[in-house]
Each structure stands twice: as C-alpha cells, then as structure tokens.
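Below are the chains, spelled out letter by letter.
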Amino acid sequence: MAIMSYRDALNRALDEEMARDPKVFLMGEEVAEYDGAYKVSKGLLAKYGAKRVIDTPITELGFTGIGVGAAQVGLRPVIEWMTHNFALLALDQVVNNAAKMRYMTGGRFSMPVVFRGPNGPAEYLASQHSQSFASYWAHIPGLKVIAPATPSDAYGLLKSAIRDDDPVVVLESEMLYGTTGEVGNAEFLVPIGKAAVARPGTDLTLVTFSKPLHTCLEAAAALEASGISVEVIDLRSIRPLDMDTVRASVARTNRALVVDEAWPAASVGSHVAWLISRDCFDFLDAPVELVCSEDVPMPYNHALELAAQPSVAKITAAVKRALYQE
Amino acid sequence: MAENIPMLALSSTMTDGTITAWKVAEGDVVKRGTVLCEVETDKAVMDYESPSAGILLKILTAAGSSAKVGDSIAVIGKAGEDASALPAALQSAAPQASAPAVVAAPAAVSAPAVVAAPAAVSAPAAVSVAVSVSALAPEAALPAAQAVSRRQDTSPAAAVNPAGFPRSSPLARALARDAGVDLRALRGSGPLGRVVKRDVEAVISGTAERQAASAGSSGGAAAPRTVRGREGGLVDKIVAASRTRMVVAKRLSDSMREAPHFFLRSAVEMDRLMALRASINAGRDEADRLSLNVFFVKLTASAIVRNPTINAAWKGDSIEFKRSVDIALAVALEDGLVAPVVRDCASKGLADIEREFRTLIAKAKEGRLQSSDYEGATFTISNLGAWGVEEFTAIINPPGSAILALGAVAREPVVRKDAGGAEAVAIRSMLRATLSCDHRVIDGAVGAAFMRDLKGLLEEPALALV
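These numbers come from a predicted model, not from an experiment.

## Let's talk about the overall build of chain A
At step 1: Each helix and strand in chain A was counted, giving 13 helices and 14 strands.
At step 2: Residues counted as buried form 52% of the 326 residues belonging to chain A.
At step 3: Long-range contacts, defined here as pairs at least 24 residues apart, represent 78% of the contacts in chain A between residues at least 6 apart.

## Description of the overall build of chain B
At step 1: From N to C terminus, chain B includes 12 helices and 19 strands.
At step 2: When burial is assessed residue by residue, chain B has 38% of its 466 residues classed as buried.
At step 3: Taking as baseline every contact in chain B between residues at least 6 positions apart, the subset at least 24 positions apart corresponds to 65%.

## A look at the packing of helix α3 (residues 60–72) of chain A against helix α5 (residues 91–98) of chain A
Residue and element names in this part refer to chain A.
At step 1: Contact geometry of α3 with α5 gives a least axis separation of 8 Å together with a crossing angle of 25 degrees. It follows from the interaxial angle that α3 and α5 lie roughly parallel. Here α3 runs over α5; the crossing is right-handed. Every residue of α5 that contacts α3 at L61, T64, G65 and V68 is listed here: D92, Q93, V94, N97 and A98.
At step 2: Its residues assigned to classes, the contact of α3 with α5 shows four nonpolar, four polar and one charged.

## Re the pairing of strand β18 (residues 410–417) of chain B
At step 1: Sparse coverage of β18(B) is indicated by the burial of zero of its eight residues.
At step 2: What sits between the antiparallel neighbours β18(B) and strand β19 (residues 423–438) of chain B is a turn of five residues, in which B:G421 has the positive phi angle 90 degrees.

## Here's the deal with the sheet that holds strand β7 (residues 66–68) of chain B
Residue and element names in this part refer to chain B.
At step 1: Taken together, four strands build an open sheet; the order of strands is β5-β4-β2-β7 and the sheet is antiparallel. Here the strands that pair on one side only, and so sit at the sheet edges, are β5 (45–49) and β7. Adjacent strand axes in the sheet meet at a mean angle of 40 degrees, parallel and antiparallel pairs treated alike.
At step 2: Of the strand pairs in this sheet, strand β4 (residues 35–40) and β5 are connected by five bridges, and their pairing is antiparallel. Along β5, the bridge assignment pairs V35 with E49.

## Some remarks on the interface of chain A and chain B
In many reports, interface size means the accessible area that the parts give up when they come together.
At step 1: Taken together, the contact pairs eight residues of chain A with nine residues of chain B.
At step 2: Considering only residue class, the side of chain A that touches chain B consists of five nonpolar, one polar and two charged.

## A closer look at the sheet that holds strand β3 (residues 29–30) of chain B
At step 1: One open sheet accounts for four strands, arranged β1-β8-β6-β3 (chain B); its pairing is antiparallel. In this open sheet, the two strands that pair with only one neighbour each are β1 (3–6) and β3 of chain B.

## As for unusual backbone geometry
At step 1: A cis amide bond, omega 0 degrees, links A:R239 with the succeeding residue A:P240.
At step 2: Residue B:P399 follows B:P398 across a cis peptide bond; omega there is 5 degrees.
At step 3: Residue placement: B:P399 occurs in the loop between β16 (379–383) and β17 (402–406).
At step 4: A positive phi angle is found at A:K39, which is not glycine, with a value near 65 degrees.
At step 5: Among the secondary structure elements, A:K39 is positioned in the loop between β2 (24–28) and α2 (44–48).
At step 6: For A:K39, a count of 17 C-beta atoms within 10 Å translates into the label partly exposed.

## Side note on the nonpolar core
At step 1: Counting residues in hydrophobic clusters, the biggest one holds 115 residues, and the most contacted among them are A:L206 and A:L257.
At step 2: A:L257 has contacts with A:L204, A:L206, A:E289, A:V291, A:A318, A:V319 and A:A322, leaving out every residue within four places of it along the chain.
At step 3: Core analysis: the next-biggest nonpolar cluster, separate from the first, contains 48 residues, B:F295, B:A405, B:A433 and B:V441 among them.

## Some words on the pairing of strand β13 (residues 256–259) of chain A
Residue and element names in this part refer to chain A.
At step 1: Of the two faces of β13, the one holding A256 and V258 and the one holding L257 and V259 are both buried throughout.
At step 2: As defined by bridge partners, strand β10 (residues 204–208) adjoins β13 across three bridges and the pair is classed as parallel. Across the sheet, the residue bridging to V207 is V258, located in β13.
At step 3: As defined by bridge partners, β13 adjoins strand β14 (residues 289–291) across three bridges and the pair is classed as parallel. Looking at the pairing, V258 lines up with L290 of β14.

## Observations regarding α3(A)
Residues and elements named next belong to chain A.
At step 1: Given a rise of 1.5 Å per residue, 13 residues ought to cover 18 Å, and the 18 Å separating the end C-alpha atoms of α3 matches this to within 8%.
At step 2: Turning to α3, its buried residues are E60, F63, T64, G67, V68 and A71. Projected down its long axis, α3 shows its buried positions confined to an angular sector of 150 degrees, all on one face.
At step 3: Buried residues in α3 make contact with β2, β4 (76–80), α4 (84–87), α5 and β5 (114–118).
At step 4: Just past α3, the residue G74 takes up positive phi, approximately 110 degrees.

## Looking at helix α12 (residues 444–459) of chain B
Residues and elements named next belong to chain B.
At step 1: Taking 1.5 Å of rise per residue, the 16 residues of α12 would be expected to cover 22 Å, and the 22 Å separating its terminal C-alpha atoms lies within 8% of that figure.
At step 2: The complete set of buried residues in α12 reads G447, F450, M451, D453, L454, L457 and L458. Axial view of α12: buried residues confined to an arc of 165 degrees, hence all on one face. For α12, exposure combined with an orientation more than 90 degrees from the buried face picks out G444 and A445.
At step 3: The elements touched by buried residues of α12 are β9 (261–269), α8 (271–282), α9 (292–306) and β19.

## Side note on the confidence of the model for chain B
All names here are of chain B.
At step 1: The predicted model of chain B averages 77 in pLDDT, with 75% of residues at 70 or higher.
At step 2: Between residues 87–163, whose pLDDT stays under 50, and residues either more than four places distant or in other chains, the model counts 113 contacts.
At step 3: Counted against residues more than four places away or in other chains, residues 207–231, with its pLDDT under 50, gives 53 contacts.
At step 4: For this predicted complex, the interface score ipTM comes out at 0.75, while the overall pTM is 0.53.

## Here's the deal with the environment of A:E16
All names here are of chain A.
At step 1: Among the secondary structure elements, E16 is positioned in helix α1 (residues 6–20).
At step 2: On a C-alpha basis, the gap between E16 and K159 in space is 8.3 Å, while along the polypeptide they are 143 residues apart.
At step 3: Among residues more than four places away in sequence, those in contact with E16 are K159 and E187.

## Brief notes about the packing of α9(B) against helix α10 (residues 350–365) of chain B
Residues and elements named next belong to chain B.
At step 1: Relative orientation of the contacting elements α9 and α10 amounts to 120 degrees, with a least axis distance of 9 Å. The angle between α9 and α10 falls in the class oblique. Crossing hand, α9 versus α10: right-handed. Seen from α9, the contacting residues are V294, F295, V297 and K298; seen from α10, they are L350, I353, E354 and F357.

Thresholds, definitions, all that
Residues numbered from 1 in each chain as written. Chains lettered and ligands numbered in written order. Predicted model: local features only at pLDDT ≥ 70, side-chain atom pairs only at ≥ 80, totals over all residues. Helix = DSSP H or I, 4+ residues; strand = E, 2+ residues; numbered from the N terminus. Buried ≥ 20, exposed ≤ 12 C-beta atoms within 10 Å, placed from the backbone. Contact = placed C-beta atoms within 7 Å. Axes fitted to C-alpha atoms, helices over the stretch in contact; angles between N-to-C directions. Parallel < 35°, antiparallel > 145°, perpendicular 65-115°, else oblique. Left-handed = near helix turned anticlockwise from the far one by under 90°. Nonpolar A, V, L, I, M, F, W, Y, C, P; charged D, E, K, R; others polar. Pairing = 2+ DSSP bridges. Core = buried A, V, L, I, M, F, W, Y, C linked by C-beta atoms within 7 Å. Expected span 1.5 Å × (residues − 1). Arc of directions from axis to C-beta. pLDDT = per-residue confidence, 0-100.

Okay, structure coming up:
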C-alpha cells in the first residue's frame, strides 16, 4: 500500500493505461506543456510525446468532437475538460454524438471515449465556476458516469473507464485532487456500477458520492459520539446506479438520507431519494431526507459559499430528523 | 416550520373529541410530551401530549369546543412564525368537501394561495380558511403562498386519514399488519403524532405506553409494565385488540344486551345417527368423509323447515321471516372467531354442505373470508364437543334469532323400555343440545316445538326423508 494523492492516483492510472494500450491518448487544454491545469497529466508529455499528449485550443466543442470521432474509428481518447463548467460548451457532442452512436448504428460503432475533469463546488470561484453538473450527464441514456471520492477509486475507476467501450464521464473534484489515501501497489480495477459501503452502521443509510463523502464521514463520526450509527454508502458510479447495495442497507436501517452537492431540483440526489422511497416503501420508518446545495447560484462571499453547500451541521440535523430525535 | 396539531383518535371508536381544558397558553414553550390539553372522548377524559416541540402559536379549538379527528386544534412552530399563514391545504381532507368554503376563499385570497387551497379544503377546514383569509393583508400574501408550496414540497403525504387512522410510517404499517396490531389504538411518538417503528415494537414487546381508552386508562402515561415470568407464557401486558376481536366484542355485547335470551336443553340419543354416519362414510374416501357437524346442520335445517319462526329476525318494529335457511358454523381462530355461512341448507345435500364448509373454514383460517361468507346467518351452530365440553349455552349471533350449542357425544346410562315393556338401564351415546332463543321472536313453546323436532330427527334421521 502506498499513500498517494487523488491527483497522483489519476496520473498513475493514465500512465499505466497509455503504457498498456498505444491507442490511448490524452487531449485537452494545457494537458501537455503545462502538465495539466491541475497537474493530473504531469510527466506524460515527456514520456509519451506530443502525438499522444495533445494541447488543444480553447475550443471545448471542437476537441470533444475530435475525441468522439477518434473513438468512432477505433482509438481510445481521454478528453480532459479543464472543468465541467467549460464542458457545457461541448454538451452537444457528448449528448447527441457520443451517447447515441452505438444506438444509432445498431451497435456497429462503439464509443470508447473518456471525458474527465473537476466537477462541483470548489472555493472562491463564484457562481459560474462552482457548481455540480452530475445530473446533466446522469440524465443521458448511453453514457456511463463515475464519481470517485478517494484516490483508490480514482485510480481503479479511471482505468475501468479507459478500458470501457462506451463513453464514460468522470466527475473529479478540484477539492479532492490534493487529498491522500491508500492505493494498492499492485494494479487493480474498480468496476463501474458498484457502490461501496464507506462506513458500516445500523440506524440510518446515508447515500452520497464524490466530495460530500468526506463531509458525510465526518458527520457520521460526530454522530457516533451521540450513539447514532450511520451507514455511509459511496455510490462511486451514478450511471449505472448500484441500487442493490442501497436497498439492502435501507432494508436494515429503515431510514435514509441522500447527500448531493448539486441543487435540489431534478438532481442525482433527488432521483436516488425517489428510488429509495419507491423501492423501500414498506421498510421506511421516516421520510427520505435530502441534503443538497441551496437552490441559489453559488455566492462569492466565502461564508455564504460554505453555507450554501452540505455541511456536517446540515447532515447531522437531517439524520436526527429521520430518527425523530430533532 | 409551523405544524398543525390534529385531533387524534384517542380511542378506536372516537370520531370527535371535546377539549375540556387547555393546559398551555398561546406563546408557551412546549416540549414533545408536554400535556397540551384535556380531551373528552366517547370513553374518557384523556391528556393530549404534544407530538412536537416549539412555541404554541395558536389555539384553533377553544376549551369547551369539539373537533373532528384529523382537524387542527392548534399550531406549533418557532418564535415569530405566523401561525395564521399556515395553509388550509394542510387540513385533513374530509369526504364532505363543502362548496361554500371553497367559494369563500378565492374572493379574499391572492391568486397563488387559491391555487394551493381548493384541492384539500373541506368543511372542517373552513375555520382555518377564515383565519388565513383574515390574516392575508396584501403584503402578507406572498409569504403565505410560499409557505404553501414549501410545505407541500417537503411533506406531500402528511394528511390525516379522515377515518381516524393516525399518521404512520410505511414500516410501522407493515409491522402492525404482520403482528395484528391495530394502529388506531396507538398514539405515535413521531412528528404530528406519526406512529413509527418504535411505537409498534413497544406494543409487540408489551412495554407500550398505550392510551387505549378501551383499557380504561384515563390518559396518564403508564409505566412499562412487562415483568416476564421465568416459568411460562404468563406476562403482564396490554395488547391492542385486533379488528376481528373488536367486531366480535361489539356484536356479542349488542346481542347479549338487546336480545332477551332464554335457553332450552335436550338430551339426544345419538346411536342411530352415529351408525348412519358410519355407514355413509364407509363407502367414501378419507377426504370425502362427512363430519358430524354437517349432519347437525342438515337435520337442523329440516327441523327449521318444520318450524319457520326459528328462521326469523327481529327488526325493531317488525319480524323478518326468511325462506332460505342460512346456517352458520362457529369456527375458532387464533384471535377471535368467525361463523361462516352455508346458504339454503334445507335444499342442499350433505356432501354439498360439507364441501362448502370445508372451503369456508379453510378461507377463515387464512383470513381470506369475505363479509358475504359470514354475514346474514339465520341460525348458528356452535359445537364444543371436540373439547369434551358436556353442555353449554351460546350467545345469539345476530341477525339470527337462535343458536344451538352442542356438547360432546358420550356413552351414558339411560332408562329405556326393553322388548317386554319393562324399564331397564341401557347404555347409549348421548348429546346435550342447548338452544338459545331471542324471546322477541321465539316464544317458549315455539322453541320447544323446534327442539322436539330436532331431537326426533337426530335420534331417528330417517324421519328427515318424510
């Protein structure tokens, strides 16, 4: 086991997959000469050369489209968006070409492309650059969507994504790049579509993904001091969703809280909450709770910025509501 | 978020309650469990404990007034919240939605609030509609509308069932269903009095702090009372009566109170009937053998045909005579009893009656009996012979006017004349049959004539052919 940052875990995954398969290449803004805006591609240009690590102009629709075309003819592109905020410009290529090509060609074209970059609120970025688009991608049939929250999952899931023959959107997190954790020395894959029980518990099932996992684990540790045992489930993949793991947990705990850093309307969180309400109806002893970002554009003021997002206090309060202890 | 505090069903039969006194005043801080008021139900005066914590913002039902189960009696919320802005849409949707209340609202309320209100406005809710309207000065209209939509977003299913069922979580309902616990006898510990898992589990484990009026509680919280004996199944506990139990209790109490019972007893010699049954069953497969009960049913039907007054019912100022002899057979269940009915027994054969009862009894044991399977018996037979009971009296099963109670068949010494006409002690299979009659319909001589004919038929079943 090595202690490794989330950033270095992604770098190791890219490095290993590029070494393993010459069809894999990386393309995006600043990925080559600058080693990546967040240094995820550090050292890859030196190792694999300018034909496989390609700097692009600031044209998201253009280079995303090149990635789609390259995948269509048999290469395995990894497209880095500097952030998912900029990926909005490429939405048409992802939604209408990447996601639908296999379907529209009757299975003749596969689409082994990976789109990756940081998603979700960070800090001091104001309203246009600090927001979660998880539900934009999760909404689209034909895409797979993964959201690793730990270095180990970042490594194992990115490798699975690169080897997948369908388009995979990777939701990374700017706030997680510097976080560290154990990553196995031997090569391994984390399967797409499998949730993980990040912390076992008995009183309530807390379902989350990406950066809020860490806030949830912090809240669960705090609640344990007051005798409340929370089971934390990290979805890891949000399309496909591993509802089996969620259902099995809720059937034991009879209570559920979903935490999502996106806005409340039509979000991954609200969708998961509905699935729990529908599938676990006879097991529920309390309404399913949802903690999410406030329904406002992200404020720039730092105190308000933090107040707009899920917090330990909000999660703790929601857990107690679901346990009728408020 | 301010919450309406509803009148709860504090007993299983309660449809409305009168508030005899408020124990807290508007503006007081209340905790969950604080006694808010005293409520007089159809059974007793009980304390109403607060299901929520906060400030008592408003009393909606004054002392001395009554409220239907499900109607709001008060509003609890945070300091500074406007109780009058609590929307009418939160009120229970009683079936008798009244047009005037709906019409009254739009005239004074701004458009957004109107949209939210009509769907759920009901007659009992009219009071709080009026409250809302009076408080909705133009500047207050927008926050009120927001309160409506926020509240509906977070709690779409928070209506009290007008039938008096309390709010309950899906899990609590599933647990109650499986354990045979009647939710109506519970007071929930969740928000708005919601019955949750812990409330049902408390009943199941016998540690409930229940306030079932039927148990005679005056509303004080009983301390947990379970003391489990080491030796056996005896436990101190209070268990909510099941629906079946409640129905049995009510019907039999009504019958015993209203129908003047008298009892006619006969000793019946069973030897010929036993021999007849044995000879019929000798030619039949085990599965097709006829029970003794089916002979009782069939021969009783024959006796009823000869005495039509037995097949009649008291209707307050008239007596209803029935053509069809519909005989019920009392069947013990794990929790209660039912008496499934076979219709028109006078015109059916033994095998048909046997088959129908077998089907009905199987359904009864699975709890699948439909009301049409047990309602409207004109006569009932209860047979405790299998328990070795010698004789007993039974309570009439309305709307019938008579019930026949049968004991065990036993070998006994009896006095009979021998071939020469001299009295001698003989050994016979004897049965004690006791008829309970409703004297409003059946006089002593009428009942006695029926018993004479029934005894004759049981002792000499061939007479049924005549």
